[in-house]
Every structure is written in C-alpha cells, then in structure tokens.
Amino acid sequence: MGYVKNRIIAEVPPITKKLKIIIDSDAANEIDDLYAITLALCYPERFDIIGFVATHFAQWAGPESIKASYDVILELLNKAGLAGKYPVKMGSSPMQYPNVPNDSEGVDFIIESARSCSSEDPLWVVGIGAATNLACALLKAPDIAAKARYVFHARSEHTWPDRSVQFNVYGDIIAAKTLLESDIPLIWFDTGTYICAPYEDTRKYLAPTGEVGKFLHEYRDRNPYFALPDKGFFDMGDFAFLLNPGICESEICEAPELTRYMEFKHTGRYGRMQRVYEIAPLKVWELLYEGITKLNK
C-alpha cells in the first residue's frame, strides 16, 4: 500500500443517533466477548445490530476456533431470548500474504452490509477479535471504506507509541497492518485493561436478572481464570465507548505502520485515526448492570 490521502476521521455520532453495527468476535476464546455482546444487545435504541461474524482465535487455534465462536454466539443469543433474530456468519482463516484476502461468508456479509449503507449513515464494524474479516472485506471491496467505520480492539495502551503486544493484533498481524495502512475510517481502541469485576459482583448484579444474566455469571465457572477478581472484561469497553464517548479519553493521531514484529513506525504515510486510550471502568459496569434489566423485560 502507498500513501493514504484524505483519510476520514471516524467520529462517533451523538448518543441520540442509532448506529448500524456488525459485531466481529472470537467469542469462544474469552469471557469478555460475551459480556461485550450482551452490552450491545442491551441498548437497541443505540445499536441496530445487523448481525455477527465469528472469528478465529489465532493461527495456532485452528479453523475449529471459528466454529467454536459461532456456537457460543448462538448460545448467548438463545439465552437472551433472541435466537434466530440476527444473522451469524462464519469468518475467514488468518491471512497468509499481504493484500491477498481469504474468502468466507462473514467477509461477504460485511461487504454486502456496508454497501447497503451510506457515507452519511455508515456501517460500524466492531472487531473484538483478530482483524482478519475486517481486513479481508476491505481488500475484496475497497469501495466499502466510504460507507463503513471500523472499531478495532487493540488494547495495548502501556506500549504505545512504540509497539503492540495485543492478542488481537498478534492473532493476524497482516490483517492489523492492513487496517492501519488502508483508508478505512478507523478507531484504534487502545484501552480497557482495568474493566474488572469480582466474582461476587457479577453474582449479585447479573445472576438474578434472568436467563442471560445467570448465563453470563455462571460462564465464569467454566474456567478458574474467568473467576479471578482482577479478570479483565476488556471488550466491553468498545461498546461502552460507542454508547457514551464521554466516559473515554481519545486523541486524533497518525495511523502508524505495523511491522511483523508488532513494532510501530510513525511515518505519516497512512493518514490519521482516532485512538481511544482511557476509559472509566465503573461506568462500563454501570451501563451493563442498568441495561441488562431492560434486556430481560
């Protein structure tokens, strides 16, 4: 890719405006995806969810990780009483070569959905897994950059501006590099480390709220790591930011080049992006605890 000129800055619309979104998630990899998706489901007045794309965990996880994510998304939607309401698509395997996209129904779903939107009312694709499907959609259909906005969870705030050590970036470095070097209006979500909740809190505030709240809390029992008091629920931050940007701090900065060693080079070649670098964790939990009561009505 060469120089990017006139890259649009992705600006989150006022909280009174509804956003068309696709959620791209490696939901079976971590518990935080399930909490993040639920947060989005809780606020239909803000999020017009077009559907979901299931994402792989990383190159070492194998193609079965895509199916695992697909199955967990369906399980969550069933618990939320929303089975069959939203399309759920299988995504692509990790990219092997720069500028060579991998096909999948999930990639085509992103393209078709973006093309049905407009520059005035774009599609927001929220990537809370590896960037594979987001990048492949751009490479297959560069025209969607005019009708889409990408939010990519790349939380590695303590290593900025030198490098990334983030799991989603490492899961497909070529794809993350593609996003940074493209002309897609990009929000690099670079925070969320301290969105934590003790086990007792989710038992108190989620478990009694109905089938989906009980499911979210009891999912912590599936892995001792999920039950730790300092367990991070990182991906919730992306949706909390879109719900209320006022609980975050962000900056407009140059989109850096990403090397295969996950180092950043600030060359100024790829235009500017918005980088979210701080969020108020308690505000995130307040949004979930308040919203889930509405979801169960």
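Rules and cut-offs
Every chain's residues receive numbers from 1 upward, in the order its sequence appears when written. Two thresholds apply to this predicted model, a pLDDT of at least 70 for residue-level local features and 80 or more for giving and counting side-chain atom pairs, whereas whole-chain, interface and lining totals are computed over all residues. With hydrogens and water set aside, each side-chain value is computed from the structure's full complement of heavy atoms. Secondary structure elements follow DSSP: runs of H or I no shorter than four residues count as helices, runs of E no shorter than two count as strands, and numbering proceeds from the N terminus. Expected helix span is taken as 1.5 Å per residue step, with the number of steps being one fewer than the number of residues. Summary of the burial criterion: residues with accessible area below 20% of their type's maximum are buried, those above 50% are exposed, and those between are partly exposed, where the area comes from a 1.4 Å probe applied to protein chains only. Two residues form a contact once any of their heavy atoms are found within 4.5 Å. Definition used for salt bridges: Asp or Glu carboxyl oxygen within 4 Å of a side-chain nitrogen of Lys or Arg. Any two of the Phe, Tyr and Trp rings considered here, Trp counted by its six-membered ring, make a pair once their centres fall within 6.5 Å; the pair's planes then place it as stacked at under 30 degrees, edge-to-face at over 60, or tilted in between. A ring has a charge above it when a Lys NZ or an Arg CZ is no more than 6 Å from the ring centre and no more than 35 degrees off the ring normal. The term nonpolar core refers to a set of buried residues drawn from Ala, Val, Leu, Ile, Met, Phe, Trp, Tyr and Cys, joined through side-chain atoms within 4.5 Å. Two strands form a pair only when DSSP identifies at least two bridges running between them. To get an axis, fit a line to the C-alpha atoms, keeping to the stretch in contact for a helix; angles then go from 0 to 180 degrees between the N-to-C directions. Pairs of N or O atoms are called polar contacts if they sit within 3.5 Å, as long as, within protein, a hydrogen donor faces a hydrogen acceptor (for residues adjacent in sequence, only side-chain-to-side-chain pairs).

Novice: Just checking my understanding: could you explain helix H10 (residues 281-295) for this structure?
Specialist: It helps to recall that an α-helix has 3.6 residues per turn; residues three or four apart then point in one direction. For H10, built from 15 residues, the straight-helix expectation of 21 Å at 1.5 Å per residue is met to within 8% by its first-to-last C-alpha distance of 21 Å. All of the buried residues along H10 are Val284, Trp285, Leu287, Leu288, Tyr289, Gly291, Ile292 and Leu295. On its buried face, H10 sits against helix H1 (32-41), helix H7 (199-205), helix H8 (211-219), helix H9 (236-243) and strand E10 (272-279).

Novice: How should the pattern of salt bridges be read in this particular structure?
Specialist: As a working rule, side chains carrying opposite charge can pair if their charged atoms are close by. Within this structure, the stated rule accounts for 15 salt bridges. Note that Asp190 and Arg275 form a salt bridge whose closest N and O atoms lie 2.7 Å from each other. Pair noted here: Asp190 is in the loop between strand E6 (186-189) and H7 and Arg275 is in strand E10, with a separation of 85 residues, a long-range link. Overall, Asp190 belongs to the buried group, its relative accessible area being 1%. A salt bridge links Arg275 to Glu251; the shortest N-O distance between them is 2.8 Å. Of this pair, Arg275 sits in strand E10 while Glu251 sits in strand E7 (residues 248-254), and the two are 24 residues apart along the sequence. Note on Arg275: relative accessible area 5%, which makes it buried. Judged by its relative accessible area of 29%, Glu251 falls in the partly exposed class. Bridged by salt links that share partners, the residues Lys17, Lys20 and Asp121 form one connected network.

Novice: What is the right way to look at the packing of aromatic side chains in this model?
Specialist: Given two aromatic rings, their pairing is described by the distance between the two centres and the angle made by the two planes. Enumeration over the complete set of coordinates arrives at 14 aromatic pairs. The rings of Tyr35, Tyr205, Phe233, Trp285 and Tyr289 are connected pair by pair, giving a single aromatic cluster. Residue placement shows Lys89 over the ring face of Phe109; its charged tip is 5.9 Å from the ring centre. A cation over an aromatic ring shows up here: Arg155 above the ring of Phe234, its NZ or CZ 3.6 Å from the ring centre.

Novice: Before we go on, may I ask you to explain the environment of Asp48 in this structure?
Specialist: Note that Asp48 resides in strand E2 (residues 47-54). In this structure, the C-alpha to C-alpha distance between Asp48 and Ile21, residues 27 residues apart in sequence, is 6.1 Å.

Novice: Whenever I open this one, the nonpolar core confuses me. Can you help?
Specialist: Here is a general trend for soluble globular proteins: nonpolar side chains tend to be buried in one another's company. Core analysis: the biggest nonpolar cluster contains 61 residues, and Leu41, Phe47, Phe52, Met236 and Phe239 have the highest contact counts within it. Excluding residues within four positions of it along the chain, Phe52 makes contact with Ile23, Ile37, Leu41, Ile73, Leu77, Tyr86, Pro87, Val88, Lys89 and Phe109. In terms of nonpolar packing, the next biggest core, distinct from the first, is built from 42 residues, Phe109, Ile110, Phe152 and Leu186 among them.

Novice: Please clarify how the sheet that holds E2 should be interpreted in this entry.
Specialist: In a beta sheet, neighbouring strands pair by backbone hydrogen bonds and run either parallel or antiparallel. Reading across the sheet, the eight strands line up as E3-E2-E1-E4-E5-E6-E10-E7 and stay open at both edges, with mixed pairing between neighbours. The outermost strands of the open sheet, each flanked by one partner alone, are strand E3 (88-90) and E7. Averaged over all neighbouring strand pairs, the angle between strand axes comes to 25 degrees, with direction disregarded. As defined by bridge partners, strand E4 (residues 123-128) adjoins strand E5 (residues 148-153) across five bridges and the pair is classed as parallel. When the sheet's bridge partners are listed, Val126 is paired in E5 with Val151. Across the sheet, helix H3 (residues 105-115) lies against strand E1 (19-25), E2, E3, E4 and E5, angled at about 155 degrees from E2, the strand it touches most.

Novice: Would you take a moment to explain the side chain of Ser113 for this structure?
Specialist: As for its placement among the helices and strands, Ser113 is situated in helix H3. When its relative accessible area of 7% is taken as the criterion, Ser113 is described as buried. In terms of polar contacts, Ser113 uses its side chain to reach the backbone carbonyl oxygen of Phe109, at 2.8 Å. Setting aside residues up to four positions removed in sequence, Ser113 forms contacts with Ile22, Ile50 and Leu123.

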